[in-house]
Every structure is written in C-alpha cells, then in structure tokens.
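Commentary on secondary and tertiary structure
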Amino acid sequence: MSSPMSIKDRLAEVRQRITRAAERASRDPAEITLVAVTKSAGPEQIRELLHLGVTDLGESRVQPLAQRAAQINEYHARRLASGDQTIVPRVRWHMIGHLQRNKLKQATSAMHILHSLDTLRLADELEAHLEKTQAKSNTPVKLPVLVQVNAAEEPQKYGVAVGAVSHLAEQIATMKHVVVAGLMCMAPHGADEKTARFVFGRVREIFDEMKFRKVAGPSFKHLSMGMSDDFEFAISEGSTMIRVGSAITGATESTEEDEE
Ligand SMILES: *Cc1c(COP(=O)(O)O)cnc(C)c1O
C-alpha cells in the first residue's frame, strides 16, 4: 500500500529534510544532488517528478533502467519540443545497482553515470566498449563512474574493500573513457545511527584522502551516500549525492541491494 500523501508532498518533505540536514551541518543544500530512485515508481509518477524539478533518476537494475530511460526520455523530448515550460531541461539516469558484465552494453546506452564500479575487470570492459562506441560516433565518449566501497566490510555485499579503493581508482584514472568521479557506499540494511555514521564517515575520510593525494583528476568530486532512512546522517558526513526511493514514491518494498 502506498501512503495517501501525493508524490508532490513526499518530494517536498524530502527536500525539506535535505535543507534541514544541510543547515545543521553548515552546508549549502545546493551541493547535494537528489537522485530519485524510481525502481518502485510507476511511469506516471516518474513523469510527474520531471514536472517537479527532479533532473536525476536512479535505477538499480539494467532491464528497467533501459526500458524506463527509453520511455521517459521520449516523453521528455516530446514535452520539450512542444514548448512545455514546466518540465526540467534535462534528465540524467543513474545506474545505482550492481552491474553484471554481460549487461554492460545495454546499461551503457541508457546511463549517464554508474554508482557501482567495483572491479578493474568491469572498468576494463566498459573502457573497451566505450572505445568502440566512440569510433562509431566520432564524438568523445566519457562515462563518469563512482567506485563502490564496501565500507561496512559485509562479506556478502558488493563493493571494493576499503584498502583497495585508492589503487583501483588510480588504475581507472589512466583510462580515456571511464572517468572516476567519486565514491559510493551503502550503510548495512537496518543500521542504527551510530553504524550508519561510522560507515559514511569512513568513506568520507577515504574520499578526502584521495582528493588530497590527487589520485584521480578534477572530476573526482561526488560522494554518493544516503537513502530514505539515513540520508540526514550521510549529509552530515559530507554526502554530495543521495539516492532516495521509498521516501519519494511511498513504496514500502524492501530496498535491499539488488542483484542483476
Ligand atoms: C533502492 C536503492 C536505493 C533507494 O532506497 P530507499 O530506501 O527506497 O530510499 C538507494 N541505493 C540503492 C543502491 C538502491 O538499490
């Protein structure tokens, strides 16, 4: 069951929570990008978000990402062409879930940024695929990726071990098409405030240290941390991108990390 509140009200509430959390941390709320996670939203809800100023949409599985991006982008282009002033000028798709190498081509044609880069092998295959894409299109092709950190050191979870993050980023930084744009992490499911803050704080330290040592280039600037239940903690620990699903859509399904 979804709650009786409208998506408009829920979005307004989330934005208010972001503003308050930013103020408490003496941060500018404009530094924090809201990625609306649409995996349990209907197409009408997604279209409505585009009329409420939401520019960044996230999906955790490749199939729905590709389908939705195709549908929604078509709608978006149509509204823009008809001179609709109420729709956002652009839409960016974020692939936030685990990406299997055999779905990489499908994902690459739909996503603008990948939050879950977790192996050198995946980066190598993305690079090779983007090289081919560029050869065909004759225009520069770049894909921003965030290295997913398994900061809670949960054995069954995706992500790179804390001690290996910097080295992986250095290797990716030598690539032409795959661009290391920051780090991503998730607090353990159901984590209490102390645990969530510990995990976010740890990833923030790694992020700052990597920026200080200039491990990657100037594009290394995003810290994707925080979901419906913990984004205030993430904002106070320095998050620049939050991935919020159920608090916006009203869905109550489990938000466990998806597997492709
Ligand atoms: C589903 C999902 C989210 C959003 O979760 P909510 O609790 O619904 O806000 C964020 N990040 C990832 C990786 C997800 O799979």
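What you see is a predicted model, and the numbers here were worked out from it, not measured in a lab. (Residues numbered from 1 in each chain as written. Predicted model: local features only at pLDDT ≥ 70, side-chain atom pairs only at ≥ 80, totals over all residues. Heavy atoms only, no water.)

**Overview of unusual backbone geometry**
Working note: non-glycine residues mostly have negative phi, and peptide bonds are mostly trans. Heads up, the condition is: Every helix listed is a DSSP run of H or I at least four residues long, and every strand listed is a run of E at least two residues long, numbered separately from the N terminus.
Located in the positive-phi region is Ser26, a residue other than glycine, with phi close to 50°. Relative to the assigned elements, Ser26 resides in the loop between helix H1 (7-24) and strand S1 (33-37).

**Notes on the site of the ligand**
Convention followed: Throughout, the term near means that a residue has one or more heavy atoms lying within 4 Å of the molecule or strand in question. Contacts described as polar in this section are N or O atom pairs within 3.5 Å, which, within protein, must combine one atom able to donate a hydrogen with one able to accept it, while residues neighboring in sequence count only if both atoms come from side chains. Surface accessibility follows the Shrake-Rupley procedure with a 1.4 Å probe radius. Residue values consider only the protein chains on display as shielding. Here the nonpolar group is Ala, Val, Leu, Ile, Met, Phe, Trp, Tyr, Cys and Pro; Asp, Glu, Lys and Arg are the charged ones; every other residue, Gly included, is treated as polar.
Close to the ligand lie 12 residues, the nearest being Lys39, Ser228, Arg243, Gly245 and Ser246. In this structure, an oxygen atom belonging to the ligand sits 2.8 Å away from a main-chain N or O atom of Gly245. The fraction of the free accessible surface of the ligand (390 Å²) that becomes covered by protein chains is 98%. For the shell around the ligand, the residue count by class is five nonpolar, five polar and two charged.

**Here we look at the pairing of S1**
For a regular strand, side chains alternate in direction, first toward one face of the sheet and then toward the other. Keep this limit in mind: Exposure categories follow from relative accessible area, calculated using a 1.4 Å probe and restricted to protein chains: below 20% of the type maximum is buried, above 50% is exposed, and the middle band is partly exposed. For two strands to pair, DSSP has to find at least two bridges joining them. Call a crossover right-handed when, viewed with both strands pointing away from you, the route from the first strand across the helix to the second goes clockwise.
The element S1 is largely enclosed, with a buried count of four among its five residues. Pairing of S1 with strand S8 (residues 241-244), which is carried by four bridges, proceeds in the parallel orientation. If you follow Val35 over to S8, its bridge partner there is Arg243. Summarising the sheet, S1 and strand S2 (residues 56-59) pair through two bridges and their orientation is parallel. Each bridged residue has a counterpart across the sheet, and for Ala36 the counterpart in S2 is Leu57. Read as a crossover between parallel neighbours, the route from S1 over helix H2 (residues 43-50) to S2 is right-handed.

**Overview of the pattern of salt bridges**
Heads up, the condition is: One speaks of a salt bridge when a side-chain nitrogen belonging to Lys or Arg is within 4 Å of a carboxyl oxygen belonging to Asp or Glu.
By the definition in use, this model includes 14 salt bridges. One salt bridge in this structure joins Arg79 and Asp84, with 3.0 Å as the shortest N-O distance. The class for Arg79 is partly exposed, based on a relative accessible area of 30%. Residue Glu125 pairs with Arg101 through a salt bridge whose shortest N-O separation is 3.2 Å. Here the residue Glu125 occupies a position in helix H5 (residues 120-137), and Arg101 occupies one in the loop between strand S3 (92-95) and helix H4 (104-110), the gap between them amounting to 24 residues. The network of salt bridges with shared partners includes Arg101, Arg121 and Glu125.

**Quick word on H1**
What counts here: Expected span of a helix, by definition, is 1.5 Å for each gap between consecutive residues, and there is one gap fewer than residues. To obtain the arc, one takes the directions from the helix axis to the C-beta atoms. It only takes one pair of heavy atoms within 4.5 Å for two residues to be counted as in contact.
The end-to-end C-alpha distance of H1, which contains 18 residues, comes to 26 Å, matching closely the 26 Å that a straight helix rising 1.5 Å per residue would cover. Looking at H1, one finds that the buried residues are Ile7, Arg10, Leu11, Val14, Arg17, Ile18, Ala21 and Ala22. The arc enclosing the buried residues of H1, seen along the axis, measures out at 130°, which places them on a common side. The exposed residues of H1 that point more than 90 degrees off its buried face are Lys8, Glu23 and Arg24. At its buried positions, H1 is contacted by S1, H2, helix H8 (231-236), S8 and helix H9 (246-249).

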